[in-house]
Amino acid sequence: MDHIPCSESDLWQHVRVPFLCRENYDGLAFSDYPLRKGWQDTNSSMTNFAQRPQEEYSAFLQTWLFFGMLVEVLGVSVAMEDFVQDNQVTTRRLSEYTLQWYERLLSMSEDCRQECHMRAQQCLMKARDYCLTLLDETRPDCPLTPEVRLSIRILGESLSQTKHWIWRSMLGCDPTGYIDVRGKWGKSKLLERLLLGKKWCPNHIAFLQNYPPASSNSGLYYASSLHRPRLRLHEDCSVGRCVAGKIDPKSYQTKHSVVTSLACDGNCPQIQPPLETIRNILQRGGIPLLHASVSNDSVRVEVVEYGAGMEYVAISHVWSDGLGNQNHNWLPKCQIVHLVQAINTAQKGTHGGKANTGGDGSGAATALFWIDTICVPRAESDITFRHMALARMAATYQDSDMVLVLDAELYHTRLGTNLEGIIRLICSNWMRRIWTLQEGILGGRRLRILFKDSALDLWKELDKLKGEHKKTPWTCHPMISFAVRTGIQQSVRVSGPGKMSWLFSDMIWRSTTRQTDEALVLANMLGLDVTNFYQTPAKDRMKRVISMMQAFPQRIIFAPGPRFDEEGYRWVLRSFTGRSPFSLGSNLGKVHTAYYPHLGSSFLSLSVSYPGCLLKGIPTQKRPWDFAAFDAGIEKWLYVREQQNSSEGTSAADVEVSEALAPATTSRCMIGLVLHTLPTDRIHAYGAVVWLDQADAGERSYDVLSGTHGGSVDVFVYNLGDNSPVGTHLGSEVGIKCSFAEQTWMLR
């Protein structure tokens, strides 16, 4: 695992992986190796674990899953001694072999190259399956040490990443039959123990384990090397929730700075610019800015109004670091000095390498900036002005010349490599709050991250990393793909309705002190009109945001979590934060108002199109029935059941249908079933649509869905048979005939 360029630190060393092999890999087909070595019967697909001593079995697994995967994927001769040093497994020379792989592919014809790609992909898919089964650390019969298991998982992730980059460099796109195998190689208990031993938050560990593109073990392995002396206390956090970054508005205290040249004993004076000037600017529809000047022990701050062409810095910070103020619009003098120094440090790289100084020859350091602590009125009597400022947040960050990220852990840390800086940002508390997500997205390419000695131009370094890696795609460096997805880039790049899918992925691990803030933040990130937003009651703001959208990712109907129970919004989650990992995909449904004749009213609806099964000849009186369906996005099966009486309680694994709208004479109905076929021996199907009645209204028919959704799912395996899997499965369960067709449903 020492091919991963971890942070250099005297406090950390690469995990030592024992070399267990007793023979060289024979170089033949990867999948048949257990059969060739007598570990598998010809009539069995499962490896026999209990026949031989554990030492022999451990040697067999390492030879097969580590060196066998290496040989099969690369397709070149591998000298085992190149991967062994002092009786330990080493991967320092892995990039030398991936370079040979790349050069070999370049010399091939297109057909031979495609054949090599498919062989490597099939090997990686098989190896990943074995990692998830044979190397599952909950299995009592697997003798491999956690270190050996981790080495196999990281090798699989690394080869998968390298294959991805090589094929992208050759084709410019994914090849035919491509299946992404970079992620989901299984979780390592060893890495969890390493990070928990360093007092990491269990919720943040879970975040990194599910971090796209999901090279989770490589990312966690690199993260475990980071020295984090200012790590917060996470004793009260859990896998499902981090509470360390949240604040108690009643007890919150503004902190004094400890990183400025100004000596501060914690008693320096408060600096509060004229609040009346801020109110007047907000009343005129403007943006109030602060012009600060620091000279020796003198600090001056005045309020100015933003005008076209003015270059200012918008501050993005986490309130739990102490730069906020719950009830007043002031900051300690030392914090103003800290802000001016931070802004000047960040601007050195953008303004010819010079800090801003006063034009009067005094040499005073100056800065023009916006920070919510002072520029957003805090007093309860100023709530109208506070709402004005918050509704203007999008313009405030978009009009700025720079958005400067201040995270206490980061600006107390000396920046090593730029890759390390990006990984530290991903691991920071700034990445876990919903307000900072908004500020990062609105800041776009103007984002700067402050470290102890310099500021990191995030987008410039990301472009540089990708550019360098494109020139050397064979470099076996899984952290490149991990770094270039910082949790905001796609949300910045994508515009239009498809942006919601990326925002959802970025929001699910974020939190906020006031859940009612989520609707405004989402509206700002989507570029929606928030005029008079605060005139809408807090409980209805998310519904207002949804009603302003013209389209929405249709997989929202499968997403777990509590939903609204009002007509027109039952398909909408109440909150997009704090959710289980889930992808909304790219297919959009239309958000519109539809009239339902049998209800005599119009409601907001989401139209979605999915394949479905039309079931004929079933009287409605025979409801309910159950079925299982697979969600390919989360690789789990959804158990679907109708509940007649919700007051008796619904289990987390069920989907409740709250009402039946079809007339008693209706003799046909719809069950939603979505199919996604892969080139394997399985059929992947998923569905959360339980009951769809068609109400006959003369010449027109209206597809109506109602119901509420919840919780986790059961697991079920559905094998692909010779007959239609749809007809075979449902026919055997229900005893009816069905036909397969694309259907459009309106969900309200």
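Rules used throughout
- Numbers given for residues are sequential positions, taken from 1 along each chain in its written order.
- In keeping with the model being predicted, local features are shown solely for residues with a pLDDT of at least 70 and side-chain atom pairs are shown and tallied solely at 80 or more, while totals for entire chains, interfaces and linings include all residues.
- In computing side-chain values, all of the structure's heavy atoms are included and hydrogens and water are not.
- Here a helix means four or more residues in a row that DSSP labels H or I, a strand means two or more in a row labelled E, and each is numbered from the N terminus.
- Only protein chains enter the accessibility calculation, which uses a 1.4 Å probe; a residue whose area is less than 20% of its type maximum is buried, one above 50% is exposed, and one in between is partly exposed.
- Side-chain atoms alone can form a polar contact between residues adjacent in sequence; in general such a contact is a pair of N or O atoms within 3.5 Å, and within protein one must be able to donate a hydrogen while the other accepts it.
- The criterion used for residue contact is that any of the two residues' heavy atoms lie within 4.5 Å.
- Note on scores: pLDDT gives the predictor's confidence for each residue, bounded by 0 and 100.
- For two strands to be treated as a pair, DSSP must find no fewer than two bridges joining them.
- Using protein atoms alone on a 1 Å grid, points that fit a 1.4 Å probe yet trap it form a cavity, whereas open point sets bounded by protein on both sides within 12 Å along at least five of seven lines form a pocket; residues with an atom within 4 Å of a point count as lining.
- Grid points are joined across faces, edges and corners, and a volume is the space filled by probe spheres set on the points.
- Residue polarity follows a fixed list, in which Ala, Val, Leu, Ile, Met, Phe, Trp, Tyr, Cys and Pro are nonpolar, Asp, Glu, Lys and Arg are charged, and the others, Gly among them, are polar.
- Take the buried Ala, Val, Leu, Ile, Met, Phe, Trp, Tyr and Cys residues and link them wherever side-chain atoms come within 4.5 Å; each set so joined is a nonpolar core.
- Orientation is described by axes fitted as lines to C-alpha atoms, over the contacting stretch for helices, and by angles from 0 to 180 degrees between their N-to-C directions.
- Angles are sorted into four bins: roughly parallel if under 35 degrees, roughly antiparallel if over 145, roughly perpendicular if 65 to 115, and oblique for all others.

As annotated in an unreviewed UniProt entry, the chain carries the name Heterokaryon incompatibility domain-containing protein and is attributed to Trichoglossum hirsutum.

Asker: Tell me what's going on with the side chain of Ser218, and back it up with residues and numbers.
Answerer: Note that Ser218 resides in helix H8 (residues 216-223). The class of Ser218 is buried, set by a relative accessible area of 0%. A polar contact is formed between the side chain of Ser218 and the side chain of Glu157, at a distance of 2.7 Å. What Ser218 contacts, discounting residues up to four positions off in sequence, is Ile4, Ile154, Glu157, Pro478 and Met479.

Asker: Hey, could you go over the confidence of the model for the chain for me, with residue numbers and the actual values?
Answerer: On average, residues of the chain score 76 in pLDDT, and 75% of them reach the 70 mark or higher. Confidence drops under a pLDDT of 50 for residues 612-741, and excluding neighbours within four residues, the segment shows 264 contacts in the predicted structure.

Asker: Give a detailed account of the pairing of strand S10 (residues 447-450), specifying residues and quantitative values.
Answerer: Side-chain alternation along S10 places Leu447 and Ile449 on one buried face and Arg448 and Leu450 on a second face that is also buried. Judged from the 3 bridges that link them, strand S9 (residues 402-406) and S10 form a sheet pairing that is parallel. Paired with Val403 across the bridge in S10 is Leu447. Pairing geometry for S10 and strand S11 (residues 455-457), over 3 bridges, is antiparallel. Of the residues in S11, the one forming a bridge with Ile449 is Leu456. Where S10 folds back onto S11 in an antiparallel hairpin, the turn is made up of 4 residues.

Asker: Lay out the layout of surface pockets with the relevant residues and their values.
Answerer: In this structure, the second largest pocket encloses a volume near 680 Å³. What lines the second largest pocket is a set of 30 residues, and nearest its centre among them are Trp319, Arg378, Trp435, Arg514 and Asp517. Looking at the lining of the second largest pocket, the elements that each hand over two or more residues are helix H12 (383-391) and helix H16 (434-443). For the lining of the second largest pocket, the element with the highest residue contribution is H16, accounting for 4 residues. Partitioned by chemical class, the residues of the lining of the second largest pocket number 10 nonpolar, 11 polar and 9 charged.

Asker: Could you give an account of the nonpolar core, with specific residues and numbers?
Answerer: Grouped together as the largest cluster of nonpolar side chains are 191 residues, with contacts concentrated most on Met69, Phe552 and Phe576. Considering each element in turn, this core owes the most residues, 12 residues, to helix H2 (residues 54-74). Once residues lying within four places of it in the same chain are set aside, the contact partners of Met69 are Phe30, Trp64, Cys123, Leu124, Ala127, Ile152, Leu155, Gly156, Leu159 and Trp185.

Asker: Explain the sheet that holds strand S4 (residues 288-295) to me, using residue names and the numbers behind them.
Answerer: Pairing within the open sheet is mixed, and its 7 strands lie in the order S5-S4-S8-S6-S9-S10-S11. A strand with exactly one partner marks an edge of an open sheet, and here the two such strands are strand S5 (298-305) and S11. In this sheet, neighbouring strand axes are inclined to one another by 30° on average, regardless of whether the strands run parallel or antiparallel. Along the sheet, helix H9 (residues 275-283) makes contact with S4 and S5, crossing S5 at roughly 25°. Its contacts with the sheet put H16 on strand S6 (313-317), S9 and S10, and the angle it makes with S6 is roughly 150°.

Asker: Please provide a residue-by-residue account of the pairing of strand S8 (residues 365-370), values included.
Answerer: Among the 6 residues in S8, 5 count as buried, and that is most of the element. Examined bridge by bridge, S4 and S8 share 5 bridges and lie antiparallel to one another. Residue pairing in the sheet places His291 in a bridge with Leu368 of S8. Here S6 runs beside S8; their pairing, made up of 2 bridges, is parallel. What sits directly across from Ala314, in S8, is Trp370.

Asker: Go over the packing of H2 against helix H3 (residues 94-106) with me, naming the residues and quoting the values.
Answerer: Each pair of packed helices can be described by the angle between their axes along with the distance between the axes. Between H2 and H3, the shortest axis-to-axis distance is 10 Å and the interhelical angle comes to 30°. With respect to their mutual orientation, H2 and H3 come out roughly parallel. Here Leu70, Val73 and Leu74 of H2 come into contact with H3, specifically with Leu94, Tyr97, Thr98, Trp101 and Arg104. Within the contact of H2 with H3, the residues separate by chemical class into 6 nonpolar, 1 polar and 1 charged.

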